[in-house]
Amino acid sequence: MSRYVKFSVFIILFEMMLIGVFNYIIMTKSHDDNHYEKVEAKRIVRVLEADKTLLVMPEKLDLSQYKTITRVTVFDPNQVCNNSYLVESAGGRLYRFEYTIKDNLDEIIMMNVALFSILLITIFVIIYYYIKIIRPFQTMSDMTVELAKGHLTKPIKEEKSKFFGKFIWGMDMLREHLEAEKNKSFKYEKDKKTLLMSLSHDIRTPLSTIKLYAKAVADGVYETEEEKREAILGIIEKADEISKYSNEIYSISRDDIVEFDVKSNDIYLSQIIEKIEYYYKEKLGVLHISFVVEKYDNCLIKADEDRLIECIQNLFENAIKYGDGEEIRLTVREEEECKLISVINSGAKIESSEVVNLFDSFYRGSNSSGIKGNGLGLYIVKKLMTMMQGEAFLELDGEKFTATLVVRKA
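Residues numbered from 1 in each chain as written. Predicted model: local features only at pLDDT ≥ 70, side-chain atom pairs only at ≥ 80, totals over all residues. Heavy atoms only, no water.

1. Describing the sheet that holds strand β1 (residues 69-74)
Here's step 1: Strand order in the open sheet formed by three strands is β1-β3-β2, with antiparallel pairing between adjacent strands. Sheet topology places β1 and β2 (85-90) at the edges, where each strand pairs with a single neighbour. Here the strands of the sheet are splayed against their neighbours by 25 degrees on average, with no regard to which way each runs.
Here's step 2: Where β2 and strand β3 (residues 93-99) come together, six bridges link them in antiparallel fashion. The partner of tyrosine 85 across the bridge, within β3, is glutamate 98.
Here's step 3: Sheet contacts for helix α2 (residues 36-50): β1, β2 and β3; angle to β2, the most-contacted strand, approximately 30 degrees. (Pairing = 2+ DSSP bridges. Helix = DSSP H or I, 4+ residues; strand = E, 2+ residues; numbered from the N terminus. Axes fitted to C-alpha atoms, helices over the stretch in contact; angles between N-to-C directions. Contact = heavy atoms within 4.5 Å.)

So this is what it looks like as structure tokens:
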């Protein structure tokens, strides 16, 4: 901010200095012009001395070529002259040279009006730039710091600037989303702790019973085989209870890992493909991966635009991470009342037996060693497509891997 202020002050002072310099030049030139009548008088003297007739009748002089001299007459000290004049000698006689001083005040005023107008425009631009760009950018800088610190409750002030208004609006939506996710995370942690406390309490009872039965058997409390058999059956029954609790924990851990808000609308397929092509054409170009989008027939489809783009992006990111970097191909074909959008890559070094598990949460294939990820990408794709009344499936043909999204036509 201080640099911007210093730069602005420098620009304003520089323009003011230019105004001063131009005024000085004009005034100096004006001062020089004020002595120009003497120069012209000397020239006329030479003309008079060269022509004896003009010495007698100087009124016949052609003064149209002179800028300041307006009249030449024989000097008469008794004659009253209200105009400015010079007295010069020519041919032994004195002559009066009447002249006018060139008035350049209008030029000076016009010049200063123009220069000060430029100065005012500069000041306006500096203030406008500060209000519309610098200050919103400062707000964005502070905002990102606050988001990084986890301060998510304070709403971001709306900015009507056409430069950053939409961006700040989007950042506020991001803040609200992060705040909702934070609250959801806190609720999840609370529910998890409550569940663990409840399960630990529920497990403690059958576990204590198992320990009692086992201790009794070890100490020889049960004398008959029938009593021992009943104790063993009791241990098995309580072990089944613990197993049931374990299955509940496993089932809960697999469900509702993430929640989504899906709103399906009628959108053109080309809207989706063009956005994907726009983003990945540059990215894959940087990675030197051949990117091919095959021709397709445009039509209306039923989907959530943002969520469908998210699904295709997940497929592309997987193709980049797990492919051989040679080529990624995007194809669209039609089947019954659906459009099948496929992302195809080569170099998929994965066993065919693993493909069926790739949609499971946290599952990662054998080719993921050393590659960052959490095993949720395809799980999210599957869930989103199901919520949009679509489908997702995978195919492996040698090392050619095809991930396909099935989208209903509108």
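2. Some remarks on the packing of helix α7 (residues 269-286) against helix α8 (residues 305-322)
Here's step 1: The N-to-C vectors of α7 and α8 enclose an angle of 30 degrees; their axes lie 10 Å apart at closest approach. The two elements α7 and α8 cross, and the hand of that crossing is right-handed. Contacts between α7 and α8 involve Gln271, Ile272, Lys275, Ile276, Tyr280, Lys283 and Leu284 on the former and, on the latter, Glu305, Leu308, Ile309, Ile312, Gln313, Phe316, Glu317 and Ile320.
Here's step 2: Considered class by class, the residues forming the contact of α7 with α8 number nine nonpolar, two polar and four charged. (Left-handed = near helix turned anticlockwise from the far one by under 90°. Nonpolar A, V, L, I, M, F, W, Y, C, P; charged D, E, K, R; others polar.)

3. Topic: a nonpolar patch on the surface
Here's step 1: A cluster of nonpolar side chains, contributed by Phe10, Phe14, Met17, Leu18, Val21, Phe22, Tyr24 and Ile25, occupies part of the molecular surface with about 790 Å² of accessible area.
Here's step 2: In this structure, tyrosine 24 sits in helix α1 (residues 2-33).
Here's step 3: Tyrosine 24 sits in the exposed class, given a relative accessible area of 60%. (Patch = residues over 30% accessible without salt bridge, like charges linked within 9 Å, V, L, I, M, F, W, Y side chains within 5 Å. Areas by Shrake-Rupley, 256 points an atom, 1.4 Å probe, with all protein chains shown as cover. Salt bridge = Lys/Arg side-chain N within 4 Å of Asp/Glu carboxyl O. Buried < 20%, exposed > 50% of the residue type's maximum accessible area, 1.4 Å probe, protein only.)

4. Some details on a negative patch on the surface
Here's step 1: On the surface, a cluster of negative charge is contributed by Glu223, Glu226, Glu227 and Glu230.
Here's step 2: Inspection of the secondary structure puts glutamate 226 in helix α6 (residues 225-254). (Lys, Arg positive; Asp, Glu negative; His and termini not counted. Charge placed at Lys NZ, Arg CZ, Asp CG, Glu CD.)

5. Some details on the sheet that holds strand β8 (residues 338-345)
Here's step 1: Reading across the sheet, the five strands line up as β5-β7-β8-β10-β9 and stay open at both edges, with mixed pairing between neighbours. Here the strands that pair on one side only, and so sit at the sheet edges, are β5 (290-293) and β9 (391-397). Looking at each pair of strands side by side, their axes are set apart by 20 degrees on average, direction ignored.
Here's step 2: Inspection of the sheet shows β9 paired to strand β10 (residues 400-408) by seven bridges, in the antiparallel sense. Pairing of alanine 392 across the sheet is with leucine 405, part of β10.
Here's step 3: The sheet contacts of α7 involve β5, β7 (327-335) and β8, and relative to β5 the element is tilted by about 165 degrees.
Here's step 4: Contacts from helix α9 (residues 377-387) reach β9 and β10, with the element oriented near 135 degrees to β9.

6. Focus on unusual backbone geometry
Here's step 1: Phi angles above zero are rare outside glycine, and histidine 288 is one such case at about 60 degrees.
Here's step 2: Looking at where histidine 288 falls in the secondary structure, it is placed in the loop between α7 and β5.
Here's step 3: Positive phi, normally seen in glycine, also occurs at glutamine 389, with a value near 60 degrees.
Here's step 4: Inspection of the secondary structure assignment puts glutamine 389 in the loop between α9 and β9.
Here's step 5: Here glutamine 389 falls in the exposed class, since its relative accessible area comes to 55%.

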